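Chain residues, written in single-letter form:
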Amino acid sequence: MLLRASSKATEKDVSLVCAIGEPATTDIAHGDLLLKFTEAANYDSSEFKNLAAEVISCMGEGAFVKASSVVAIFNGLVRSADAIGIPLDDVTMSNTVQEREDLGLNKYQGFNNSLECDN
Amino acid sequence: MNTFKELYFPSGESRDLNKRLRDEHENFLAENPNWVPNELRLLPKVIARAFNKMCPKTPFMVPFGWIDGTTWADLKEQERILSLPEDQRVLDAEAHKNAIRGRCFRIPRPYEVKSEQAAFKAVQDYALVDRRVFNVETFDHKVPEELLDALNACWSRLAEPGEWWTGKERVAILEEVRKNCSNNAPTVSTPLETLSKKPSPIISPLTSEIARMVTSNAAEIDEKWAKEAISLIGEGKYSELVSLVVNIVPIDIFCLLLGRPVVSLPVPKGGKPGGKIPEGLSDGGAFVRWKTENWVGPNVARALSFVPKDNEIRMKLVGSMYAGSEQFISMVWDENEPLDRAQVEIIAARTSSINECFY
């Protein structure tokens, strides 16, 4: 939802399927590169070094450090959400019915933690 | 430094201080034989252990970090000095600096042999050297100061006794987390009720399995499993274990992505767990109780309200690595930010999806 909200706020067109790894073009500057970088970082891919160098050359060292820190902290956030069984916030739950359906997110185990809010 | 003699030979005061620090450090090494200064963190443990054991028994051999003043005892001494009132701090820092200088024969460069000038600058200025575990020198890339602060605060907290686990147990859990992070082979979950609750030697097989699940298979955790884990070890221990996992995993991943090795686990600090349940918690639909009174904010921020100190450290990491509370509510960020909000969110969304996280 934050991806949708932030891209709307800056009038950028983003297909949310990019979040689940399906090919999609986005208006976000260097969006494709950032997606490849994110996948390589999460999958510990051998491509990571080249992509990191590309991020630095296209967007600067600060962008590389920030992108790395976002990947890192979200690896913590997802574990806290799943291990503690956090239900999705009410507003998010009610505003994302269609997107969750389209992206197939409701098949994730964590969806069961939010069922009460959905009913 | 005033006289020729003082240039080359330690004073009585320096010798006494060195004797105390050496004794303290050797006692510490007897209990922590794998310890090495941060600068030597890549040294294989077997070499470190052999060296640390050999050192007190071998003439003319000095512990790692002794010449540079980076032994554990020196760092404790530095902490002590920094906590003193200003006047006393200057005196004690000078005494410590002189003691370090007197630990070996140092030849000053001619231009340095002047009083009030920078003889042995690296040693004299030791108090100004950034000796934090994470500092600008420890990364090849420029890491923002706010993030370094958060990393150091977290690192220091990890080894402290928590509310439900001792420092030793916390570090043993962290070891388990690291073991699971480096093990890419798929593992089969063991039914929790079959596992022993007895420490072996520090944490039990049951605790190890819970740590493994949270580290490697968090997306598979359902209410049944979580409730069973909580009924076996307790709500407090479960929450604190989760906090340890979710604090160390991002730090290690960040280090690796920035092309440097992870930091050796900290030495556990003494003390007993507080065992205090925070006020204002109740059932709010998660597996554990959390803050419900007057709560405003995303649920993820209160996920670990059962362990407020660890949650605070976690949120400091979140603030510096992702977005602080003010940034979080703003969908358009300052142009000076290295990435704009949509760029950050595309990384966040993809990472969550790769981890199969619904939240």
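Treat the numbers as computed from the prediction; the structure is a model and nothing was measured. (Residues numbered from 1 in each chain as written. Chains lettered and ligands numbered in written order. Predicted model: local features only at pLDDT ≥ 70, side-chain atom pairs only at ≥ 80, totals over all residues.)

A. Inspection of the interface of chain A and chain B at higher detail. With 61 residues of chain A at the interface, the matching set in chain B holds 59 residues. Elements with a minimum of two residues in the side of chain A that touches chain B: helix 1 (2-9), helix 2 (31-42) and helix 4 (61-84) of chain A. Residue composition of the side of chain A that touches chain B, by class: 33 nonpolar, 20 polar and eight charged. (Contact = placed C-beta atoms within 7 Å. Helix = DSSP H or I, 4+ residues; strand = E, 2+ residues; numbered from the N terminus. Nonpolar A, V, L, I, M, F, W, Y, C, P; charged D, E, K, R; others polar.)

B. Quick look at the nonpolar core. Judged by nonpolar contacts, the single largest core of 89 residues is most densely connected at Ala67, Val70 and Ile84 of chain A together with Val245 of chain B. With 14 residues, the top contributor of residues to this core is helix 4 of chain A. Beyond its immediate chain neighbours, meaning those up to four positions away, Ala67 of chain A contacts Leu34, Phe37 and Val55 of chain A together with Leu339 and Ile347 of chain B. Leu29, Trp72, Ala73 and Ile100 of chain B belong to the second-largest nonpolar core, a separate cluster that totals ten residues. (Core = buried A, V, L, I, M, F, W, Y, C linked by C-beta atoms within 7 Å. Buried ≥ 20, exposed ≤ 12 C-beta atoms within 10 Å, placed from the backbone.)

C. Spatial organisation of helix 5 (residues 86-101) of chain B. With 16 residues, helix 5 of chain B extends 22 Å between its outermost C-alpha atoms, agreeing within 8% with the 22 Å of an ideal straight helix rising 1.5 Å per residue. Of all the positions in helix 5 of chain B, only His96, Lys97, Asn98, Ala99, Ile100 and Arg101 of chain B are classed as buried. (Expected span 1.5 Å × (residues − 1).)

D. Inspection of helix 4 of chain A at higher detail. If you check helix 4 of chain A, its first and last C-alpha atoms are 35 Å apart, about what 24 residues at 1.5 Å a residue would give, namely 34 Å. With 22 of 24 residues buried, helix 4 of chain A lies mostly within the body of the structure.

E. Representation of unusual backbone geometry. Cis geometry marks the peptide bond from Ser200 of chain B to Pro201 of chain B; its omega dihedral reads -10°. Turning to its location among the elements, Pro201 of chain B is positioned in the loop between helix 8 (167-182) and helix 9 (205-216). Phi is positive for His30 of chain A, close to 60°, though the residue is something other than glycine. Along the polypeptide, His30 of chain A turns up in the loop between helix 1 and helix 2.

F. The packing of helix 8 of chain B against helix 9 of chain B, seen in detail. Residue and element names in this part refer to chain B. It is the contact of helix 8 with helix 9, at a shortest axis distance of 9 Å, that shows an interaxial angle of 50°. Between helix 8 and helix 9, the angle is such that the two are oblique. Our pair here, helix 8 against helix 9, has a crossing hand that is right-handed. Counted together, Ile173, Glu176, Val177, Asn180 and Cys181 of helix 8 and Thr207, Ser208, Ala211, Arg212, Thr215 and Ser216 of helix 9 form the full contact between these two elements. Per-class residue counts for the contact of helix 8 with helix 9 are four nonpolar, five polar and two charged. (Axes fitted to C-alpha atoms, helices over the stretch in contact; angles between N-to-C directions. Parallel < 35°, antiparallel > 145°, perpendicular 65-115°, else oblique. Left-handed = near helix turned anticlockwise from the far one by under 90°.)

G. Broad picture of the confidence of the model for chain B. All names here are of chain B. Scored by pLDDT, chain B has a mean of 87; 90% of the residues are at 70 or more. This model gives residues 110-124 a pLDDT under 50, and the stretch forms 20 contacts once residues within four places in sequence are excluded. This complex was scored by the predictor with a pTM of 0.76 and an ipTM of 0.86. (pLDDT = per-residue confidence, 0-100.)

H. Layout of the packing of helix 11 (residues 235-257) of chain B against helix 12 (residues 308-321) of chain B. Residues and elements named next belong to chain B. Close contact between helix 11 and helix 12 brings their axes to 10 Å; oriented N to C, the two are set at 25°. In terms of axis orientation, helix 11 runs roughly parallel to helix 12. The two elements helix 11 and helix 12 cross, and the hand of that crossing is left-handed. In this structure, helix 11 uses Glu240, Ser243, Val246, Asn247 and Pro250 to contact helix 12, whose residues at the interface are Asp310, Asn311, Ile313, Arg314, Leu317 and Met321. Class assignment for the residues of the contact of helix 11 with helix 12 results in five nonpolar, three polar and three charged.

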